[in-house]
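# Descriptive analysis of the structure
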Amino acid sequence: MKLEDLHEELKATNTRLVAVSKTKPNELIQDFYDRGQRDFGENRVQELADKFEALPKDINWHFIGHLQTNKVKYIAPFVHLIHSVDRLKILKEVNKRARQNERVIDCLLQFHIAEEESKFGFDLAEAREAMESETYQKMEHVRIVGVMGMATFTDDHDKVRREFQALRRIFEQLKQDYFADQPHFKEISMGMSGDYKIAIEEGSTMIRIGSILFGPRK
Ligand SMILES: *Cc1c(COP(=O)(O)O)cnc(C)c1O
């Protein structure tokens, strides 16, 4: 699919495009940049750090992969949004490294909404526990701006829709209970190449699209 067509499709929506450029070369990213795309997503710390160095500095870099505590320091100076905060320990480390860089880093809480056992993420009870912890409440260098989730990889559209609806409900619950007076808590990152249309219908504010834009990954 052409980038311009997807931009056009999103115009009538409240959804932004994060172009997932993992494994793709800098020239391709530069080409998308030249055509107006500013938000790019990566899932490996080293690859992201290398691309940050090489590419224009006004790119918004989104980290969307599983994050290990010992690697947070490499992206803390510049990352725009971390989609994949899946435990309090990571949030603590992001807060520490953000403080060292004298910034506040925006984060999403990743939720486990799919059927697969191996997927990372909080469930609602765990997220509540984290939000109510003294550890979190003392943090001054992270800002939680919403939630992220990945649906089961399946052709069963109803199932995918139910999972996105579940994420939406989690978002509403957290908003009501912890972020009611915080307008920055407004993001629902859901939808990939195969299911983004359903995600938009269910209230996604950010879709993370790789293969249909850049071609299949090896
Ligand atoms: C790779 C990846 C995407 C993009 O997947 P496509 O199916 O290629 O669009 C989105 N989100 C996450 C977390 C990813 O790792």
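Residues numbered from 1 in each chain as written. Predicted model: local features only at pLDDT ≥ 70, side-chain atom pairs only at ≥ 80, totals over all residues. Heavy atoms only, no water.

### Points about the packing of helix H6 (residues 124–132) against helix H8 (residues 157–178)
Contact geometry for H6 and H8: axes closest at 11 Å, N-to-C directions at 25°. With respect to H8, the axis of H6 lies roughly parallel. Classified by chirality, the crossing of H8 by H6 is right-handed. Of H8, the residues touching H6 (which contributes Leu124, Arg128, Met131 and Glu132) are Ile170, Gln173, Leu174, Asp177 and Tyr178. Looking at the contact of H6 with H8 residue by residue, the class counts come to 5 nonpolar, 1 polar and 3 charged. (Axes fitted to C-alpha atoms, helices over the stretch in contact; angles between N-to-C directions. Helix = DSSP H or I, 4+ residues; strand = E, 2+ residues; numbered from the N terminus. Parallel < 35°, antiparallel > 145°, perpendicular 65-115°, else oblique. Left-handed = near helix turned anticlockwise from the far one by under 90°. Contact = heavy atoms within 4.5 Å. Nonpolar A, V, L, I, M, F, W, Y, C, P; charged D, E, K, R; others polar.)

### Focus on the packing of aromatic side chains
Any pair of aromatic rings gets described here by the distance separating the centres and the angle formed by the planes. Across all of its chains, the model carries 6 aromatic pairs by this definition. Judged by centre distance (4.4 Å) and plane angle (20°), the rings of phenylalanine 32 and phenylalanine 214 are stacked. Within this pair, whereas phenylalanine 32 is found in helix H2 (residues 26–34), its partner phenylalanine 214 is found in helix H10 (residues 211–214), the two being separated by 182 residues in sequence. Aromatic rings pair up to connect Phe171, Phe179 and Phe185 into one cluster. The residue whose ring lies beneath arginine 38 is tyrosine 33, and the NZ or CZ to ring-centre distance is 3.6 Å. One residue, lysine 57, lies across the ring of phenylalanine 52, its end atom 4.7 Å from the ring centre. (Phe/Tyr/Trp six-rings, centres within 6.5 Å; stacked < 30°, edge-to-face > 60°. Lys NZ or Arg CZ within 6 Å of the ring centre and 35° of its normal.)

### Re a negative patch on the surface
A cluster of acidic residues, Asp123, Glu126, Glu129 and Glu132, forms a negative patch at the surface. Along the polypeptide, glutamate 129 turns up in helix H6. (Patch = residues over 30% accessible without salt bridge, like charges linked within 9 Å, V, L, I, M, F, W, Y side chains within 5 Å. Areas by Shrake-Rupley, 256 points an atom, 1.4 Å probe, with all protein chains shown as cover. Salt bridge = Lys/Arg side-chain N within 4 Å of Asp/Glu carboxyl O. Lys, Arg positive; Asp, Glu negative; His and termini not counted. Charge placed at Lys NZ, Arg CZ, Asp CG, Glu CD.)

### Let's talk about the nonpolar core
In this structure, Trp61, Ile75, Ile82, Leu109, Phe111, Leu174 and Leu213 are the most contacted members of the largest nonpolar core, which totals 62 residues. Broken down by element, the residue count for this core peaks at 7 residues, all from H8. Ignoring sequence-local partners within four residues, the contact set of leucine 174 consists of Leu109, Phe111, Leu124, Val147, Phe179 and Phe185. Judged by nonpolar contacts, the second largest core, of 6 residues, contains Val18, Val145, Met148 and Met206. (Core = buried A, V, L, I, M, F, W, Y, C linked by side-chain atoms within 4.5 Å. Buried < 20%, exposed > 50% of the residue type's maximum accessible area, 1.4 Å probe, protein only.)

### Some details on the layout of surface pockets
In this structure, the largest pocket occupies an estimated 680 Å³ of space. Those elements that provide at least two residues to the lining of the largest pocket are H8 and strand E8 (206–209). Its residues assigned to classes, the lining of the largest pocket shows 11 nonpolar, 13 polar and 7 charged. Counted as a void, the second largest pocket has a volume near 210 Å³. Every residue along the wall of the second largest pocket is listed here: Met131, Tyr136, Gln137, Met139, Val142, Arg143, Ile144, Tyr178, Phe179, Gln182 and His184. Of all elements in the fold, only helix H7 (134–137) and strand E6 (142–149) reach the threshold of two or more residues within the lining of the second largest pocket. Top contributing element to the lining of the second largest pocket by residue count: E6, with 3 residues. The residue makeup of the lining of the second largest pocket, split by class, is 7 nonpolar, 3 polar and 1 charged. (1 Å grid on protein atoms, 1.4 Å probe; cavity = no way out; pocket = protein on both sides within 12 Å on 5 of 7 lines; lining within 4 Å. Points joined across faces, edges and corners; volume = space filled by probe spheres on them.)

### Describing unusual backbone geometry
Among all residues save glycine, negative phi is the norm, and among peptide bonds the norm is trans. Although it is not a glycine, threonine 23 sits at a positive phi angle of roughly 70°. Mapped onto the fold, threonine 23 is located in the loop between strand E1 (16–20) and H2. Overall, threonine 23 belongs to the partly exposed group, its relative accessible area being 49%. Phi at glutamate 102 is positive, roughly 55°, even though this residue is not glycine. With respect to the secondary-structure elements, glutamate 102 resides in the loop between helix H5 (88–100) and strand E5 (105–111). Since its relative accessible area comes to 74%, glutamate 102 is described here as exposed.

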